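Chain by chain, the residues run as shown.
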Amino acid sequence: MAMSRDADSNRPANSVPGVFNWGLVRKALRAAEEGVYCWNINSGEIYYTEQCLRMMGLPVRGELAPNIFTTPELTIHEEDRQYFMNAVQRYLDRPTSSPLRVEVRLLNLRSRGWRWIRVNGLAERGKDKKPTQLVGVWVDITRRKMADMHAMEDRDLFRTLINYLPDNIYYKNRESRFVMANEATARKMGVRTPSDLIGCKDTHFFADETTEIARQEELEIMRSGQAITNRLHKENWKGGKNSWCKLSKFPWYAADGSVKGIVGISSDVTELVEAQQRYQRMAEQLDQRNRALEKEISLAREIQQALQSQRIPNREWINENGDGKLLASFHHIYRPCTGVAGDCFEVFPVGESGVGMLICDVMGHGVRAALIAAMLRGLLEQFVSLADTPGLFLSSLNRQLWAIFERANLTMFTTACYVYFDLRKHRLTIATAGHPAPIVLGADGKAFLPLLRRSPALGLIENAPFRESELELEAGMKLMLYTDGLPEARNREGEEMGAGRVMDFLQQNPPLNIKDMLDFSLACMQSFTQSPTQDDDICLLGVEFIRE
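Residues numbered from 1 in each chain as written. Predicted model: local features only at pLDDT ≥ 70, side-chain atom pairs only at ≥ 80, totals over all residues. Heavy atoms only, no water.

Colleague: Can you tell me about unusual backbone geometry, naming the residues and giving the values?
Modeller: In this structure, Arg112 is a non-glycine residue whose phi angle is positive, near 60 degrees. Mapped onto the secondary structure, Arg112 falls in the loop between strand E3 (100-107) and strand E4 (114-125). For Lys129, which is not a glycine, the phi torsion comes out positive at approximately 70 degrees. Inspection of the secondary structure assignment puts Lys129 in the loop between E4 and strand E5 (131-140). (Helix = DSSP H or I, 4+ residues; strand = E, 2+ residues; numbered from the N terminus.)

Here's what the structure looks like:
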């Protein structure tokens, strides 16, 4: 323990009165927040100015102050103590013209708090080169040290943040050389650590075309201060590899407002871009195929329309009694919802006075349903001899369809309604296969659905029975066959129209002829759905019996 002595009361040995004003030096040191010490190494005594004493939390006079060099455990932080003692000892053991400089935490003996000081010193040595005195200053560096520590903490936080981000983050100087980068950028560039990028340019990694584009845009950013944000950028690497990134670049400003370089942020979107390119190629191929398919469907539709009857000739019968002629007049409406349809109909003469009317609705829509409908027409010719017996006629069609579906391992079916009428006998015979009953408009203007025996659709059960029902044929009667696109049409609330609304409409708006009956039925549907389009194929087939 050395005596606390104000060094101002002991004028230095080399001071010259009138030339060196120690009072002015004292004021200068106080203004600079620096304290002076003088340690006599041989005697162990140490002298402090008042600034040193204040740093230790001691009064200026009258109290012993610990010698930080001989008893550092009293004032030096334990984490800095060994470092401090080693630094002082090395300085004293090795004669040098350079001063001692060491930074430590000093204890304030009054507040028990710590402050950072820098201990500077110069040694006086004897003829044997051994140190005799150490003279120097203490500089309070607490504010600067704390600022440095905060800055270092901020840098550590910033470095931790950018290293854990998956995006590539980097800084370049005005020469477009890397000065800092995160680990994601190092991995992208194929180097071991971010430090390996420092000083490198894009030319070390990318092809000339890419590096020239990057350099020019970075020069423009530094010149104009305008950033690039979220630009899709293609990267051509040395060696021929290509990649894509989403790129943003910003000007990097110094504290004085001058431009130091640029900051870059990019994310690899190569997989996304390549996937989009693949999807684009697939979309183009699909579009080409769709156009080819549309041509084929258009051709199929033309063929289907050609196969469908455009105009059905009237059929008449003149009674042998000479009491007049009975005429059967036909009309139809055929509207596919797509290019081709699974709805079809046929009207054909049977014997001298009979007519067969068949309407079918194949399950589903489009090409497959249209193919089944075309196949049905081919099968009809095989069973013309059974056309005057609707039950047998449908049974024969059913067995053939079932066999075809079984061989093709298809789960398909078609509904059908077949009407045979004989003008000479004035009889209507009807058989259905899972199909709606026809709407009959009697000579008195009343609409009704005939009671029919239910049977399954064609193609589901090999030996399904199909029963017949009969009606008396009357002059003035009108009969309309239809597919389910008419009664199952829905309005905006999702409600089905049903056959009942059609019958009510026909009774309220009596048709003059069979054409009117079909047109009015279609108008009823459009009024109900409030839509110019249709969701299903629509086929209407009608006959009117006229006495002339």
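Further notes follow.
Colleague: If you had to explain the pattern of salt bridges to someone new, which residues and values would you point to?
Modeller: What the rule picks out here adds up to 22 salt bridges. Measuring nitrogen to oxygen at the nearest pair gives 2.9 Å for the salt bridge that ties Lys249 to Glu217. One end of the pair, Lys249, is in strand E9 (residues 242-253); the other, Glu217, is in helix H6 (residues 208-224), with 32 residues separating them in the sequence. Overall, Lys249 belongs to the buried group, its relative accessible area being 2%. The salt bridge partner of Glu544 is Lys478, with a shortest N-O separation of 3.7 Å. Taken together, the residues span a long stretch of sequence, with Glu544 in strand E21 (residues 538-547) and Lys478 in strand E20 (residues 478-482) at a distance of 66 residues. (Salt bridge = Lys/Arg side-chain N within 4 Å of Asp/Glu carboxyl O. Buried < 20%, exposed > 50% of the residue type's maximum accessible area, 1.4 Å probe, protein only.)

Colleague: An account of the environment of Glu103 is needed here, citing residue identities and associated values.
Modeller: By the secondary structure assignment, Glu103 is in strand E3. Separated by 42 residues in the primary sequence, Glu103 and Lys145 place their C-alpha atoms 9.6 Å from one another. When residues no more than four places from it in sequence are discounted, the contact partners of Glu103 are Tyr83, Trp116, Ile117, Arg118, Ile141, Arg144 and Lys145. One polar contact links Glu103 to Arg144, side chain to side chain, over a distance of 2.9 Å. Of the polar contacts made by the side chain of Glu103, one reaches the side chain of Lys145; its length is 2.9 Å. (Contact = heavy atoms within 4.5 Å. Polar contact = N/O pair within 3.5 Å; in protein donor to acceptor, adjacent residues only side chain to side chain.)

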